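# Working through the structure, step by step
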Amino acid sequence: MINKQEMLKIQNLHVNTNNKEIISGLNLLVNKGEIHAIMGKNGSGKSTLAKVISGHPSYQITEGSIFFKNKNITHEEPESRSHKGIFLGFQYPIEVPGVSNIDFLRLAYNCKQKQLNKPEIDPLSFFELINHEIQKINMNPLFLNRHLNEGFSGGEKKKNEILQMSLLKSELSILDEIDSGLDVDALKSISNSINKFANKDNAIILITHYQKLIDYIKPDYVHIMDRGKIVLTGNTTIASNIDKYGYEYISLKK
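Residues numbered from 1 in each chain as written. Predicted model: local features only at pLDDT ≥ 70, side-chain atom pairs only at ≥ 80, totals over all residues. Heavy atoms only, no water.

As for its position among the elements, Ser191 is in helix α6 (residues 184–197). When its relative accessible area of 2% is taken as the criterion, Ser191 is described as buried. A distance of 2.8 Å separates a polar atom in the side chain of Ser191 from the backbone oxygen of Leu187. When residues no more than four places from it in sequence are discounted, the contact partners of Ser191 are Leu213, Tyr216 and Ile217. (Helix = DSSP H or I, 4+ residues; strand = E, 2+ residues; numbered from the N terminus. Buried < 20%, exposed > 50% of the residue type's maximum accessible area, 1.4 Å probe, protein only. Polar contact = N/O pair within 3.5 Å; in protein donor to acceptor, adjacent residues only side chain to side chain. Contact = heavy atoms within 4.5 Å.)

We now examine the environment of Thr74. Looking at the secondary structure, you find Thr74 in the loop between β5 (71–72) and α2 (78–84). In this structure, the C-alpha to C-alpha distance between Thr74 and Leu148, residues 74 residues apart in sequence, is 30 Å. With residues near it in sequence (within four places) discarded, Thr74 still touches Ile61, Gly64, Ser65, Ile66 and Arg81. Among the polar contacts listed, one links the side chain of Thr74 to the backbone nitrogen of Ile66, at a separation of 2.9 Å.

An ideal rise of 1.5 Å per residue puts 21 Å on 15 residues; helix α5 (residues 154–168) measures up with 22 Å between its terminal C-alpha atoms. Within α5, 13 of the 15 residues are buried, leaving the element largely enclosed by the surrounding structure. (Expected span 1.5 Å × (residues − 1).)

This part is about the environment of Leu13. Tracing the chain through its elements places Leu13 in strand β1 (residues 6–17). With 34 residues separating them in the primary sequence, Leu13 and Ser47 have C-alpha atoms 14 Å apart. Setting aside chain neighbours within four positions, we find Leu13 in contact with Ile23, Ser24, Gly25, Leu26, Leu49, Val52, Ile61, Glu63, Gly64 and Ile66.

Before going further, it helps to spend a moment on the pairing of β1. Where β1 meets strand β2 (residues 20–31), nine bridges bridge the pair, whose relative direction is antiparallel. The residue of β2 that forms the bridge with Ile10 is Leu28. Linking β1 to β2, which pair antiparallel, is a turn of two residues; within it Asn18 sits at a positive phi near 50°. Judged from the seven bridges that link them, β1 and strand β4 (residues 60–68) form a sheet pairing that is antiparallel. Of the residues in β4, the one forming a bridge with Lys9 is Phe67. (Pairing = 2+ DSSP bridges.)

Attention now moves to the packing of aromatic side chains. Where two aromatic rings form a pair, the distance of their centres and the angle of their planes describe that pair. Enumeration over the complete set of coordinates arrives at two aromatic pairs. Seen from their ring centres, Tyr109 and Phe126 are 5.9 Å apart, and the 50° between their planes marks the pair as tilted. Of this pair, Tyr109 sits in helix α3 (residues 101–115) while Phe126 sits in helix α4 (residues 123–136), and the two are 17 residues apart along the sequence. In this structure Tyr109 comes out as buried when scored by relative accessible area, which is 16%. When the ring of Phe143 is compared with that of Phe152, the centres are 5.0 Å apart and the planes differ by 75°; the resulting orientation is edge-to-face. Both residues of the pair, Phe143 and Phe152, count as buried. Its guanidinium or amino end placed over the ring of Phe67, Lys9 lies 5.6 Å from that ring's centre, counting from NZ or CZ. (Phe/Tyr/Trp six-rings, centres within 6.5 Å; stacked < 30°, edge-to-face > 60°. Lys NZ or Arg CZ within 6 Å of the ring centre and 35° of its normal.)

This next bit is on the sheet that holds β2. Hydrogen bonding along the main chain pairs the strands of a sheet, whether they run parallel or antiparallel. Reading across from one edge, β2-β1-β4-β5 is the order of the four strands in this open sheet, with antiparallel pairing throughout. Edge positions in the sheet fall to β2 and β5, since each of these pairs with one other strand and no more. Relative to β1, helix α1 (residues 46–54) is tilted by about 115°, and along the sheet it contacts β1, β2 and β4. (Axes fitted to C-alpha atoms, helices over the stretch in contact; angles between N-to-C directions.)

Here the focus is the packing of α3 against α4. At their nearest, the axes of α3 and α4 sit 11 Å apart, and the two run at 100° to each other. By the angle between their directions, the pair α3 and α4 is classed as roughly perpendicular. Residues Ile102, Leu105, Arg106 and Tyr109 of α3 form the contact with α4, whose participating residues are Pro123, Phe126, Phe127, Leu129 and Ile130. (Parallel < 35°, antiparallel > 145°, perpendicular 65-115°, else oblique.)

Moving on to the pattern of salt bridges. If you walk through the whole model with that rule in mind, you get eight salt bridges. In this structure, Lys169 and Glu133 form a salt bridge, with 3.7 Å as the shortest nitrogen-oxygen distance. A residue pair is termed long-range when its members are at least 10 positions apart, and Lys169 in the loop between α5 and β9 (172–176) and Glu133 in helix α4 qualify at 36 residues. Here Lys169 falls in the exposed class, since its relative accessible area comes to 53%. Taking relative accessible area as the criterion, Glu133 reaches 2% and is therefore assigned buried. Notably, a salt bridge pairs Lys200 with Asp201, separated by 3.4 Å at the nearest N-O pair. A relative accessible area of 65% means that Lys200 is categorised as exposed. The exposure class of Asp201 is partly exposed, given its relative accessible area of 40%. Three or more residues are tied together by salt bridges with common partners; here these are Glu133, Lys136 and Lys169. (Salt bridge = Lys/Arg side-chain N within 4 Å of Asp/Glu carboxyl O.)

What follows is the structure, given as structure tokens:
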């Protein structure tokens, strides 16, 4: 029997924002080498969960714990979580006029290097590194010199998120609706990049509404959220049945 190593463990998590409980007693275990997908109706708490794991300050944990690689990070700052290896790919990446993409990426990379007590790299060395990374995801090098996400299409913004994830070699990547607003070709490209990135030493959580992403990536587990907690866990068959029958399928399984 293979002894799996825990990457993320969430126990009895309760989360409030604006005096309203959004997460209500949620439990989740993600091991190294696994890909998990989280689905659910709008308002079920999926995006809130993603933000809470990454340490978003607008959400208050009132009960429960979050462990990352067996260390309690429940009340750690977002920067600390990022340096430890947690990455959140946003559903709507923001545009930052005046900041070039390559400068932003080099700053993020060197911040992590510094935290790991590794040498920071100069612009020329970074240019070589980032060019290697963009080839992996088939991204146009011209995007490096443009302002961060400014004027990018939906697919380009999402590809830029994948580039950041790949560059930082994130151990736990949470991708919040990375598939939203993408055409078929862009979705295939993004899915292919995610599959290439996944390995036995990292873990990925996909938050999605759509069957297509599940088909392309084939996660190990699919979880269904409802009213702030996970109410059903299984394999990709769950996603297929939801695509066919809607979320009424969950009521039938309870």
